[in-house]
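A structural walkthrough
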Amino acid sequence: MPANIIDGRQLARRIQDEIKRAVAEQKTETGTTPGLGVVLVGDDPASAMYVRMKRRACERAGLRSEAQLLPAASTQAEVENAVRAFNCNPDIHGILVQLPLPDHIDEEAVLNEISLAKDVDGIHPVNLGRLGMRGREPTFTPATPTGVMALIEETGQSIDGKTAVVIGRSNIVGLPAALLLTNANATVTICHSRTRDLPAVVKRADIVVAAIGRPEHVKGDWIKPGAIVIDVGSNSLPDPASEKGYRYVGDVEFEAARELAGYITKVPGGVGPMTITMLLSNTLKAAQGAVNG
Ligand code: NAP
């Protein structure tokens, strides 16, 4: 029997409706509108599109959003100053630095500038460090992996004691996803470009999170029957049949994997909508935290 689809769009809509209600309530009760500040450096079209999508999602849910759009040739000081300005701005409760930054910018130094209370993408080294340490609580966890966890929870299946494989070890997706799964008591293997015999490792997994950035790299017949498969990948492929001339596919060979998996996400319509939703949710929490001291 083909796998159940975990519908990221539907889940995201449900959570965004709750966020919209909570934002309206907060405005009425405290006069505060949660605000997200975005720093975008350069003119990478994909990054610009992500920033536009975040702005629209903020508008729909009733949050304020402000963007600092800096030219690609900006200096380290200019980028850090943009973050500091948001840190000092009482109308901004969450800060997102759109990655990647241009090569000449020291990313870690920029991320270090984000106030921990406003680090709604959970990307500050202290928050990421706390996520990896026993008995420590990060203020926020990164949006995409937090969305991955919500999608797994949506299946109603327990994560406790399950075998999970995360393919990819980036700071924003693979590594934090592995830490979140470990904290939920899964036994986690992290795979990367140097992993030997990836198919054999994937075949043992009850939960597969693919965050590679390579179209349909994970073949359908690698999937353990009944596994939960979360496809984070977002790869555009030329498609003359489509109006736009391209289409998005994930890192997993969807149709074939669906034959074996128990639950699977689609691309598009899986992790993408959840990333934005988790960012809104964290911004609302940051604003509630600011109001309640
Ligand atoms: P990234 O920084 O490029 O990391 C890719 C990871 O995949 C690296 O750890 C790399 O290993 C590993 N990898 C590369 N080739 C591999 C192979 N042949 N076998 C096993 N592992 C391999 O990418 P990212 O930022 O984590 O993003 C991953 C994907 O998720 C991309 O498609 C991106 O567009 C997508 N994404 C989607 C969302 C969303 O909201 N939907 C959000 C963020 C990212 P090494 O470490 O050894 O190089």
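Side note on the pattern of salt bridges
Opposite charge on two side chains permits them to pair, given that their charged atoms come into close proximity. Within the structure shown, the criterion is met by 7 salt bridges. Among the ionic pairs, Arg-55 bridges to Glu-59, the shortest N-O distance being 3.9 Å. A residue pair is termed a helical-turn pair when its members lie 3 or 4 positions apart in one helix, as Arg-55 and Glu-59 do in helix 2 (residues 45-61) at 4 residues. The exposure class assigned to Arg-55 is partly exposed, which follows from its relative accessible area of 40%. One salt bridge connects Glu-66 with Arg-64, and the closest N-O pair in it is separated by 2.7 Å. Using a relative accessible area of 32% as the deciding quantity, one classes Arg-64 as partly exposed.

Looking at unusual backbone geometry
With an omega of 0°, the peptide bond between Leu-99 and Pro-100 qualifies as cis. As for its placement among the helices and strands, Pro-100 is situated in the loop between strand 4 (94-97) and helix 4 (107-113). The linkage connecting Val-267 with the following residue, Pro-268, adopts the cis geometry, with an omega of -5°. Relative to the helices and strands, Pro-268 is located in the loop between strand 11 (263-265) and helix 10 (271-292). We note that Asp-197 has phi near 50°; this positive angle belongs to a residue other than glycine.

So, the pairing of strand 3 (residues 64-70)
The sheet contact formed by strand 2 (residues 35-41) and strand 3 spans 7 bridges and is parallel. Across the sheet, Leu-36 pairs through a bridge with Ser-65, a residue of strand 3. In this fold, the crossover linking strand 2 to strand 3 by way of helix 2 has right-handed handedness.

Focus: the packing of aromatic side chains
Tallying each qualifying case throughout the model produces 1 aromatic pair. The interplanar angle of 85° and the centroid separation of 5.8 Å between the aromatic rings of Tyr-246 and Tyr-248 together place this pair among those described as edge-to-face. For Tyr-248, a relative accessible area of 30% gives the class partly exposed.

Focus: the environment of Arg-134
Inspection of the secondary structure assignment puts Arg-134 in the loop between helix 5 (125-132) and helix 6 (143-154). For Arg-134 and Asn-183, which are 49 residues apart along the polypeptide, the C-alpha to C-alpha distance reads 8.6 Å.

Thoughts on the nonpolar core
Leu-181 and Ile-230 are the most contacted members of the largest nonpolar core, which has 50 residues in total. For this core, the element with the highest residue contribution is helix 10, accounting for 8 residues. Contacts of Ile-230, omitting those with residues within four sequence positions, involve Ile-6, Val-148, Leu-151, Ile-152, Val-208, Val-209, Ala-210, Thr-265 and Val-271. Of all hydrophobic cores here, the second largest spans 20 residues; its members include Ala-205, Ile-223, Val-229 and Phe-254.

Let's talk about the site of the ligand
Not every one of the 20 residues close to the ligand is listed here, only the nearest: Arg-169, Ser-170, Ser-193, Ser-234 and Thr-275. His-192 has a polar backbone atom sitting 3.4 Å from a nitrogen atom of the ligand. Here an oxygen atom of the ligand sits 2.7 Å away from a polar atom, N or O, in the side chain of Thr-275. In the complex, the protein chains occlude 71% of the 930 Å² of accessible area that the ligand would expose alone.

Concerning the sheet that holds strand 2
Strand order in the open sheet formed by 3 strands is 3-2-4, with parallel pairing between adjacent strands. Taken across any chain shown, the strands that pair with only one partner, and hence form the sheet edges, are strand 3 and strand 4. Neighbouring strand axes in the sheet, compared pairwise and without regard to direction, differ in orientation by 15° on average. As paired elements, strand 2 and strand 4 share 4 bridges and run parallel to each other. Bridge pairing in strand 4 places Val-39 opposite Val-97. Across the face of the sheet, helix 3 (residues 76-88) comes into contact with strand 2, strand 3 and strand 4 while running at roughly 165° to strand 3.

A word on the side chain of His-124
Mapped onto the elements, His-124 comes out in the loop between helix 4 and helix 5. For His-124, the side chain forms a polar contact with the main-chain oxygen of Asn-112, separated by 3.3 Å. Excluding anything up to four places from it in sequence, His-124 contacts Leu-111, Asn-112, Ile-114, Leu-116 and Asp-119.

Rules of the game
- Residues numbered from 1 in each chain as written.
- Predicted model: local features only at pLDDT ≥ 70, side-chain atom pairs only at ≥ 80, totals over all residues.
- Heavy atoms only, no water.
- Salt bridge = Lys/Arg side-chain N within 4 Å of Asp/Glu carboxyl O.
- Helix = DSSP H or I, 4+ residues; strand = E, 2+ residues; numbered from the N terminus.
- Buried < 20%, exposed > 50% of the residue type's maximum accessible area, 1.4 Å probe, protein only.
- Pairing = 2+ DSSP bridges.
- Right-handed = clockwise from strand over helix to strand, strands pointing away.
- Phe/Tyr/Trp six-rings, centres within 6.5 Å; stacked < 30°, edge-to-face > 60°.
- Core = buried A, V, L, I, M, F, W, Y, C linked by side-chain atoms within 4.5 Å.
- Contact = heavy atoms within 4.5 Å.
- Near = heavy atom within 4 Å.
- Polar contact = N/O pair within 3.5 Å; in protein donor to acceptor, adjacent residues only side chain to side chain.
- Areas by Shrake-Rupley, 256 points an atom, 1.4 Å probe, with all protein chains shown as cover.
- Axes fitted to C-alpha atoms, helices over the stretch in contact; angles between N-to-C directions.

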